[in-house]
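Results of the structural survey
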Amino acid sequence: MKTQILSTQILNIDPSRRAFLAGAAGAAVCVIAPSARATPEAMAQAIKDFTGGKSVREGGVEVDIPVLLESGHSVPTIVRVDSPMNAQNYVRAIAVFNERNPQPNVGVFHLTPRSGRAFVSTRIRLGDSQKVVAVAQMSDGSFRSGSIDVIVTLPACVEGA
Amino acid sequence: MILRALWILPACAMLLAVAIAHAEIPAQERKSGAEFMSPQTQAMQADDASNPGMLAVLDGEAAWNEKAGAANKACADCHGAAEQSMKGVSARYPAFNAATSQPIDVAGQVNQCRAERQQAQPLRAESRELLALTTYIGLQSRGMPVAPPDDERLTPFRERGKALFNQRLGQLNFSCAHCHEDNWGRKLGSAPIPQAHANAYPIYRLEWQDVGSLQRRLRNCMSGVRAAPYSYGSLEFIELELFLAERARGMAVETPGVRP
Amino acid sequence: MARALINVPAKAKKGEIIEIKTMLSHPMETGFRPSDDGKLVPRNIIKRFVCTYDGEAVFSADLFPAISANPFLSFTLVATNSGVITFSWTDDNGQTQVQTAKIEVA
């Protein structure tokens, strides 16, 4: 087992290098729980909003999530796109969508040629077994997609069960 | 929440059919809860840059050095660097507290230090700051074997802890041993039943989306069998902790563990 | 104030692709979750993350409530120059937290 990260830096809190800037935005907004969840149709609409209605070609986008999940609370999710990631040909953005959470959007990740690889790794919430879709916007303005169907299960003896 | 665990009732009912006498787990068959997890969750625990429990460690490090109470003292003012002074402490706790003639766990010890040395208010059970300190202190024992003290004064408490572990509880009428000694490795719903070793606490539980103590996890199990959970800090929990430490003797401390 | 855990290689060769890992202590409250009293807990999420290197936003993200608590983001960068890599997280109230990491590129 690894005991320390020695070759790398873990940045501790250093107030002098940190700033918490008060923003101009107002108070927190109370969101009323929608009676409906996202649906495959809502996801299709969210994808359309992202692409501006342009066609999306399937393939070249890998959504790396284990098919069987032991918890939906924090699902390690990696997206990789086939791309040389040079100044002429790169991935501008990767958007991740789902069809059965309260909302279809998960995140939009903006890349540059300086990313080196078309890769992003994060942890997401999945409220149920469902399809997760990633859509990549390429530097030429075209769109590609990949998807995976996952099964979400629960750990034993959850709180408040 | 969308997630519900209503399947747990029929799943538990299936278990009712098995087991009369509990078979203690032989030393060579003991497995940490980490071995029952998915490779992804194992990876999350193994890499400090990915382990969300490390956020609590960073909070704990700050709290360790922060002056508190009327005495205006920090933990560090008495104990110095935790890397040295707290090494092995969590691996051997709970310990016997001569002042109260009772065993005390690390969280209780932190609060006793606050009362006596710092002259500060006790930290609430499961509060961010208390968990941060116990996680930070726990990290200093990571990789060391669980090593409960051979202190005879602890024996009657540990024996009661063992009795509690084997005591049927709740509407489902299960003891800890029914699941974790007689049926470990089998499934409850889709989830594997681990052996219930307490060698990784405080843990970051994905379901909690936060760190929590062994007592919080035990309360989950108790509500799982439809029993009224013991109170935080109660003697029953300390006795169970003593027994669980003995049961996990020699296993490596993993704090901060990650569990589903 | 939220705690951040950032993993940046201390040293890299020029042109090398390095992996960055970041995590911020934050509940990512969805706005869909009822509290013990049955009322919905107001939404409070990190909605924007930006990584700046050499004065250029090299990676950024727009996040939604489906991102887990204590948001974890990992991505790659090409090591170009020695200097400071800046990370900023902005929440629903427009509050921004900034942290930096140094990198030595040879």
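What counts and how
Residues numbered from 1 in each chain as written. Chains lettered and ligands numbered in written order. Predicted model: local features only at pLDDT ≥ 70, side-chain atom pairs only at ≥ 80, totals over all residues. Buried ≥ 20, exposed ≤ 12 C-beta atoms within 10 Å, placed from the backbone. Helix = DSSP H or I, 4+ residues; strand = E, 2+ residues; numbered from the N terminus. Arc of directions from axis to C-beta. Contact = placed C-beta atoms within 7 Å. Pairing = 2+ DSSP bridges. Axes fitted to C-alpha atoms, helices over the stretch in contact; angles between N-to-C directions.

Overview of helix H9 (residues 155–165) of chain B
All names here are of chain B. Within H9 the residues assigned to the buried category are Phe157, Arg158 and Gly161. All buried residues of H9 project into a common sector of 100° when viewed along the axis, lining one side. Relative to its buried face, H9 has exposed residues pointing more than 90 degrees away, namely Thr155 and Pro156. Contacts made by the buried residues of H9 are with strand E2 (102–104) and helix H12 (235–247).

A closer look at unusual backbone geometry
That bond from B:Tyr201 to B:Pro202 is cis: its omega, -10°, falls within 30 degrees of zero. Assignment of secondary structure puts B:Pro202 in the loop between strand E4 (191–192) and strand E5 (203–205). The step from B:Thr255 to B:Pro256 runs through a cis peptide bond, and the omega angle for that step is -5°. The residue B:Pro256 is located in the loop between H12 and strand E7 (257–259) in this model. The phi angle at C:Met28 is positive, at roughly 45°, despite the residue not being glycine. When you line up the elements, C:Met28 lands in the loop between strand E3 (17–24) and strand E4 (46–53).

Digging into the environment of B:Ala125
All names here are of chain B. Its location among the elements puts alanine 125 in the loop between helix H7 (106–118) and helix H8 (128–139). The partly exposed category is assigned to alanine 125, around which 17 C-beta atoms lie within 10 Å. With 18 residues separating them along the chain, alanine 125 and alanine 107 place their C-alpha atoms 8.1 Å apart. Excluding its chain neighbours within four sequence positions, the residues that come into contact with alanine 125 are Leu130, Tyr232 and Gly233.

So, the sheet that holds E7(B)
Residue and element names in this part refer to chain B. Sheet architecture is open: three strands sit in the order E6-E5-E7, paired in mixed fashion. This sheet does not close on itself; its edge strands, each paired only once, are strand E6 (210–212) and E7. Averaged over neighbouring strand pairs, the angle between their axes works out to 35° when direction is ignored. Alignment of E5 against E7, held across three bridges, turns out to be parallel. Each bridged residue has a counterpart across the sheet, and for isoleucine 203 the counterpart in E7 is glycine 257.

Concerning the pairing of strand E11 (residues 143–152) of chain A
Residue and element names in this part refer to chain A. The pairing of strand E3 (residues 56–58) with E11 spans three bridges and is classified as parallel. The partner of glutamate 58 across the bridge, within E11, is serine 145. Relative to E11, strand E5 (residues 68–69) runs parallel, the two being bridged by two bridges. Note that in E11 the partner of leucine 69 across the bridge is valine 152. One ladder, built from eight bridges, connects strand E10 (residues 130–138) with E11; its direction is antiparallel. Across the sheet, residue glutamine 130 finds its bridge partner in E11, namely valine 150.

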